[in-house]
Amino acid sequence: MTGLHDDKILILDFGSQYTQLIARRVREAGVYCEIYPWDIDIERIREFGAKGFILSGGPESTLDDAKPEVPLVLFELGLPILGICYGMQAMAQQLGGRVENVGKSEFGYARVRARGHTALLRDIQDEVNDEGHGLLDVWMSHGDRVAELPTGFKLMASTESAPIAGIADEERKIYGLQFHPEVTHTKQGVAIYQRFLHQICGCGSEWNPHNIVEASIAEVRARVGDGHVILGLSGGVDSSVVAALLHEAIDDQLCCIFVDNGLLRYREGDHVMEQFAEHMGVNVIRIDAEDRFLDKLEGLTDPEDKRKAIGNLFIEIFEEEARKHNDADFLAQGTIYPDVIESAGATTGKAHLIKSHHNVGGLPADMRLKLVEPLRELFKDEVRRVGVELGLPHDMVYRHPFPGPGLGVRILGEVRKEYADTLRLADDIFINELRAHDLYDRVSQAFVVFLPVKSVGVTGDGRRYNYVVSLRAVETIDFMTARWADLPYDFLDHVSRRIMNEIEAIARVVYDISGKPPGTIEWE
């Protein structure tokens, strides 16, 4: 699709926890963008061909000696720039302004008064005060602040604790905001980004699910030609969308290998086969490997040992089956953009490695098959919208995340078949009741955890001594932090009674009220 990448924005990352959220806001506005580390090679910046730049926030201080700095080439290109939090401070300091620390940080809600009529904030406001000045409800997160404006800049916004909360050089189209427009707490954040992207940078809105699907299909056809592709289909969102996209592009040139490890959700293996093999006509080979996985997990109790055992055996079984398909030329993967960023595979390697991903740089160097990764540029929310565009069921595309090792990390300690079978039934009751009570889409992730301990209970007049499970439901935006979901007591009571009445092996149900941090979302 011509034009899909023509209008694009380059985001320079200074280490903010919100950087990926900035990118998602840009993409939601219909504009393609990428994230580069702040110290990327200058030539990479020139070659990217951006129509504008966004400088993220970050944890550092511009007052430190070894501080990250804005590449000077940005100010030479004559393109629009938007600096956010640290990005604004670094930009202001390097252009001749002054930054200070008054020993008082500002974190959380703030009300900003818009000053001066600038192209960025004109007529964008939540309220108007008695003097006719626009007021914005925003989210602050900073320790330092700009104390003196650089030459050529005017004051754009202010608060009591940050008299210079926004700066603008209208002639050069350079803007800075002390607050974070990418978070939902800044109510007009979307409007601010749209103003910068469309009116100031002159970007269109070509980046949308329909165009992405058309472009991806064309790219796959051009790359694969008459070749054959194999894909490891897990039933998760990413691999399901890849399967649907490849099937649309190359039809029977695709072969999916579905390894059923016996650690999936209730009847998930059957659902995968029904959706892809029966309804869509995709060539799917199902490998029943439950016994092999359970044998491999016998005696293992450490979560990392279990993860490695499950991951290694999956690769072993997949490779066994893939070798039977000598006509395969390509290996398809569900790599998405956050995988690329976190594996520091998006740029020159200067970015900090957060965690390695098996599908980014983890494949053998002598691998015969060539890679096809049609989702490599997409964030998870974009993958979901592409899935809907391709006709996948909404319930499949928007279901809650499920860990790669499956129930293997939702069964504490050793994994046994009886534990997995019991947990599957309890989890199915919980999820179905969330849907029935219109609560499923109000929580970000929900599941049941099996605890390998027994508790005394009473059934009728008899003593009961059986296992304990914990319900877990969280609310989160980015999964980096989360709060436990405040589900109604009568709902929890109903779910608890159903689980204990219908599953003889369970004698007690508890509810996890741990936040992240200090806890994690998954128990292992």
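Remember, predicted model here, so these are calculated numbers, not experimental data.

Criteria and thresholds
- Residues numbered from 1 in each chain as written.
- Predicted model: local features only at pLDDT ≥ 70, side-chain atom pairs only at ≥ 80, totals over all residues.
- Heavy atoms only, no water.
- Helix = DSSP H or I, 4+ residues; strand = E, 2+ residues; numbered from the N terminus.
- Buried < 20%, exposed > 50% of the residue type's maximum accessible area, 1.4 Å probe, protein only.
- Areas by Shrake-Rupley, 256 points an atom, 1.4 Å probe, with all protein chains shown as cover.
- Lys, Arg positive; Asp, Glu negative; His and termini not counted.
- Charge placed at Lys NZ, Arg CZ, Asp CG, Glu CD.
- Contact = heavy atoms within 4.5 Å.
- Pairing = 2+ DSSP bridges.
- Right-handed = clockwise from strand over helix to strand, strands pointing away.
- Axes fitted to C-alpha atoms, helices over the stretch in contact; angles between N-to-C directions.
- Left-handed = near helix turned anticlockwise from the far one by under 90°.
- Expected span 1.5 Å × (residues − 1).
- Phe/Tyr/Trp six-rings, centres within 6.5 Å; stacked < 30°, edge-to-face > 60°.
- pLDDT = per-residue confidence, 0-100.
- Core = buried A, V, L, I, M, F, W, Y, C linked by side-chain atoms within 4.5 Å.
- Parallel < 35°, antiparallel > 145°, perpendicular 65-115°, else oblique.
- Nonpolar A, V, L, I, M, F, W, Y, C, P; charged D, E, K, R; others polar.

A. Representation of the overall build of the protein chain in the model. On a plain count of helices and strands, the protein chain comes out with 15 helices and 21 strands. Burial statistics for the protein chain: of 524 residues in total, 53% are counted as buried. Total accessible area computed for the protein chain in this model is approximately 23,600 Å², and 47% of it derives from carbon and sulfur atoms. For the protein chain, the separation between the mean place of its 56 positive charges and that of its 84 negative charges on side chains is 2 Å.

B. Representation of unusual backbone geometry within the structure. Here the amide bond leading from Lys516 into Pro517 is cis, since omega sits at -10°, within 30 degrees of zero. Checked against the element boundaries, Pro517 lands in the segment after strand 21 (506–511). A cis geometry characterises the amide bond from Pro517 onward to Pro518, with omega recorded as 10°. With respect to the helices, strands and loops of the structure, Pro518 is situated in the segment after strand 21. The phi angle at Lys173 is positive, at roughly 60°, despite the residue not being glycine. In this fold, Lys173 is placed in the loop between strand 11 (166–169) and strand 12 (174–177). According to the relative accessible area criterion, Lys173 is partly exposed, its value standing at 38%. Backbone geometry at Asp251 places phi at a positive 55°, although glycine is not the residue there. Among the structural elements, Asp251 can be located in the loop between helix 7 (237–250) and strand 14 (254–260). Overall, the relative accessible area of 44% leaves Asp251 in the partly exposed class.

C. Representation of the environment of Arg221. By secondary structure assignment, the location of Arg221 is in helix 6 (residues 209–224). By relative accessible area, Arg221 is classed as partly exposed at 46%. Sequence separation between Arg221 and Glu100 is 121 residues; the distance between their C-alpha atoms is 55 Å. Setting aside residues no more than four positions away along its own chain, Arg221 makes contact with Glu248 and Ala249.

D. View of the sheet that holds strand 11. Reading across the sheet, the 10 strands line up as 2-1-3-4-12-11-10-6-8-7 and stay open at both edges, with mixed pairing between neighbours. Of all the strands in the sheet, just strand 2 (32–37) and strand 7 (127–128) have a single pairing partner and so form its edges. Looking at chain direction, strand 6 (residues 106–114) and strand 8 (residues 134–142) are connected through eight bridges and run antiparallel. From the neighbouring strand, Gly108 faces strand 8, where its bridge partner is Met140.

E. Just the pairing of strand 15 (residues 284–288), in detail. Bridge count between strand 14 and strand 15: five bridges; the pairing is parallel. Its bridge partner lying in strand 15, Cys256 is registered against Val284. In the classification by handedness, the crossover that spans strand 14, the intervening helix 8 (residues 268–279) and the parallel strand 15 is right-handed.

F. Representation of the packing of helix 6 against helix 7 in the model. Where helix 6 meets helix 7, the closest approach of the two axes is 9 Å, and the angle between their N-to-C directions is 65°. The two elements helix 6 and helix 7 meet at a crossing, and its hand is right-handed. Facing Val213, Ser216, Ile217, Val220, Arg221 and Val224 of helix 6, the residues of helix 7 in contact are Leu245, Leu246, Glu248, Ala249 and Ile250.

G. Quick look at helix 5 (residues 189–200). With 12 residues, helix 5 should cover 16 Å at 1.5 Å per step; its first-to-last C-alpha distance of 15 Å lies within 8% of that length. Structurally, helix 5 contributes buried residues whose contacts are with strand 1 (8–13), helix 1 (19–28), strand 3 (52–55), strand 4 (81–84) and strand 12. Gly202 sits one or two positions beyond helix 5 and adopts a positive phi of about 75°.

H. Geometry of the packing of aromatic side chains. If you walk through the whole model with that rule in mind, you get 11 aromatic pairs. Consider the rings of Phe14 and Trp38, whose centres lie 6.4 Å apart with planes at 10°: the pair is stacked. Remark: Trp38 occurs in the loop between strand 2 and helix 2 (42–48) and Phe14 occurs in the loop between strand 1 and helix 1; sequence separation between them is 24 residues. A relative accessible area of 29% places Trp38 in the partly exposed class.

I. The arrangement of the confidence of the model for the protein chain in detail. Of all residues in the protein chain, 94% have pLDDT values of 70 or greater, and the mean over the chain is 90. The low-confidence segment residues 344–363, where pLDDT is below 50, has 44 contacts with residues more than four positions distant or belonging to other chains.

J. The nonpolar core, seen in detail. Phe430, Leu434, Leu471, Leu487 and Ile499 are the most contacted members of the largest nonpolar core, which has 50 residues in total. Secondary structure elements with two or more residues in this core: strand 14, helix 9 (290–297), helix 10 (303–322), helix 14 (417–436), strand 18 (445–459), strand 19 (462–475), helix 15 (489–502) and strand 21. Among the elements that line this core, the one with the most residues is helix 14, at eight residues. Leave out the neighbours within four places in its chain, and Ile499 touches Ala426, Ile429, Val469, Leu471, Ile506 and Val509. Ranked by size, the runner-up nonpolar core spans 42 residues in total, among them Ile212, Val213, Val242 and Leu245.

K. Just the packing of helix 7 against helix 12 (residues 380–389), in detail. Relative orientation of the contacting elements helix 7 and helix 12 amounts to 40°, with a least axis distance of 10 Å. For the element pair helix 7 / helix 12, the angle class is oblique. The two elements helix 7 and helix 12 meet at a crossing, and its hand is left-handed. Here helix 7 contributes Val237, Asp238 and Val241 to the contact with helix 12, which in turn contributes Lys380, Val383, Arg384, Val386 and Gly387. Broken down by class, the residue content of the contact of helix 7 with helix 12 amounts to four nonpolar, one polar and three charged.

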